[in-house]
Amino acid sequence: MSWDPRHLPDQSGKTFVVTGANAGLGIFTSEQLAATGAHVVLACRNPVKADAAIAAIRGRVPGASVSTINLDVADADSVRAAAVLLLELPRLDGLVLNAGIVHPPRTRESSAAGNEIVLETNYLGHFHLTALTLPALLRTPGSRVVALGSLATRLVASRLDNLQLETGYSGWVAYAQSKIAMQVFGFELDRRLRRAGLGGPGGVQSLVAHPGYSVSGLTPGIRGVNEPSRPQRFADNLQGLIGAQGKDRGAWPTVRATLDTDARGGEYYGPRFLTRGLPTRQRPTTTSLDPSVASHLWSRTESLLALPFPL
């Protein structure tokens, strides 16, 4: 059956967590999930922006069940504190790994832990959060982890050998590598869950989604959350002529990967026409599916975080 992102299946009684949910793709993912009747936890770094996002969703989705927790995925202490709260939830049906730096710094910056900041924010923090919240996912039948990938994975060839970019840093490469890492992680997580007898339908499934070419200027305006300037609207409307779409539609593949009962762990979702369109199942890059790349990344990540993943 075809998937209609404007008529989503009822999810009453379920709970979903979306990281980086106060703006961009995150708020539209959260809004669309909340419209299904589910409870949505917005995991955000900035409490003021989180409150604005909550107010916006409640205004746009009457009766929406939403709450917030503080989460800075680039701060290990914050990740641990957030995980404690998430483990207290009665159930965790979906963990959407959305938070990230979209516009990397021009020169290399490090997190408090000494890791390259884009890698820490877009990937390492999410690996950490997933590892710590796995018990909540395991006790929730049919739960899912959805990692946010990117078209950038098709534009940069990297096997993640220079993960920290101590030499040869560029913002574009840092972003692309972080998204390659996210996709590799998402697919490897599903393989490991299955090998452990914990994955597949009824267990925990891990999927990956990408938003196509989604820009703010083509996105519906939301006071206090998404208010592009007139010049940005003009520039992004021009990009719409070459395949861009709004972030509301960019959220569609993530929402489908989270909700579609026909979707399976290890699958990859994105816009039908690559940069825009209805969400469909797609084929990721060869590197994203490479078990040898995944094995190296997994062990390297555990070493960087000093955290064995419980799989």
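Here the structure is a predicted model, which is why all the values come from computation and not from measurement. (Residues numbered from 1 in each chain as written. Predicted model: local features only at pLDDT ≥ 70, side-chain atom pairs only at ≥ 80, totals over all residues. Heavy atoms only, no water.)

Trainee: Can you walk me through the environment of Thr254 in this structure?
Mentor: Along the chain, Thr254 falls in helix H8 (residues 252-259). For Thr254, a relative accessible area of 3% puts it in the buried group. With 39 residues separating them in the primary sequence, Thr254 and Val215 have C-alpha atoms 16 Å apart. (Helix = DSSP H or I, 4+ residues; strand = E, 2+ residues; numbered from the N terminus. Buried < 20%, exposed > 50% of the residue type's maximum accessible area, 1.4 Å probe, protein only.)

Trainee: Honestly, the packing of helix H4 (residues 117-138) against helix H5 (residues 171-195) in this entry has me stumped. Any pointers?
Mentor: The interhelical angle for the contact between H4 and H5, taken along N-to-C directions, is 20°, at an axis separation of 7 Å. Overall, the two elements H4 and H5 adopt an arrangement that is roughly parallel. With respect to the hand of their crossing, H4 and H5 are arranged in right-handed fashion. Two secondary-structure elements touch here, H4 through Val118, Leu119, Asn122, Tyr123, His126, Phe127, Thr130 and Leu134 and H5 through Ala174, Tyr175, Ser178, Lys179, Ala181, Met182, Phe185, Leu189 and Leu193. Each residue belonging to the contact of H4 with H5 can be placed in one class, and the counts come to 12 nonpolar, four polar and one charged. (Axes fitted to C-alpha atoms, helices over the stretch in contact; angles between N-to-C directions. Parallel < 35°, antiparallel > 145°, perpendicular 65-115°, else oblique. Left-handed = near helix turned anticlockwise from the far one by under 90°. Contact = heavy atoms within 4.5 Å. Nonpolar A, V, L, I, M, F, W, Y, C, P; charged D, E, K, R; others polar.)

Trainee: Where do I start with the side chain of His128 in this structure?
Mentor: With respect to the helices and strands, His128 occurs in helix H4. With residues up to four places along the chain from it excluded, the contact list for His128 reads Ala76, Val79, Arg80, Leu305 and Leu307.

Trainee: What am I meant to see in helix H2 (residues 47-60) here?
Mentor: Think of an α-helix as 3.6 residues a turn; residues three or four steps apart then line up on the same face. With 14 residues, H2 should reach 20 Å at 1.5 Å per residue; the first-to-last C-alpha distance of 20 Å fits that figure. When we look at burial in H2, the residues that qualify are Ala50, Ala53, Ile54, Ala56 and Ile57. Buried residues of H2, seen end-on, are gathered within an arc of 165° and therefore sit on one face of the element. In this structure, H2 carries Val48, Ala55 and Gly59 as exposed residues pointing more than 90 degrees from its buried face. Each element contacted by the buried residues of H2 is listed here: helix H1 (24-34), strand E2 (39-44) and strand E3 (65-70). Looking at where H2 begins, the residue whose side-chain oxygen comes 2.9 Å from the main-chain nitrogen of Val48 is Asn46. (Expected span 1.5 Å × (residues − 1). Arc of directions from axis to C-beta. Polar contact = N/O pair within 3.5 Å; in protein donor to acceptor, adjacent residues only side chain to side chain.)

Trainee: How should I be thinking about a nonpolar patch on the surface in this particular structure?
Mentor: On the surface, Phe234, Leu238, Leu241 and Ile242 cluster together into a nonpolar patch covering about 500 Å² of accessible area. Within the secondary structure layout, Phe234 lies in helix H6 (residues 230-240). (Patch = residues over 30% accessible without salt bridge, like charges linked within 9 Å, V, L, I, M, F, W, Y side chains within 5 Å. Areas by Shrake-Rupley, 256 points an atom, 1.4 Å probe, with all protein chains shown as cover. Salt bridge = Lys/Arg side-chain N within 4 Å of Asp/Glu carboxyl O.)

Trainee: Please explain the nonpolar core as it appears in this structure.
Mentor: Most often, soluble globular proteins have nonpolar side chains that are buried together. Membership of the largest hydrophobic core comes to 46 residues, with the highest contact counts inside it found for Val17, Tyr123, Leu160, Phe185 and Phe309. Taken together, the elements giving at least two residues each to this core come down to E2, helix H3 (76-87), strand E4 (94-97), H4, strand E5 (144-148), H5 and helix H10 (291-305). At nine residues, H4 tops the list of elements feeding residues into this core. With sequence-adjacent residues up to four places away left out, Phe185 is seen in contact with Leu97, Tyr123, Phe127, Thr130, Leu297, Trp298 and Phe309. In terms of nonpolar packing, the next biggest core, distinct from the first, is built from 26 residues, Trp3, Ala21, Ala251 and Val255 among them. (Core = buried A, V, L, I, M, F, W, Y, C linked by side-chain atoms within 4.5 Å.)

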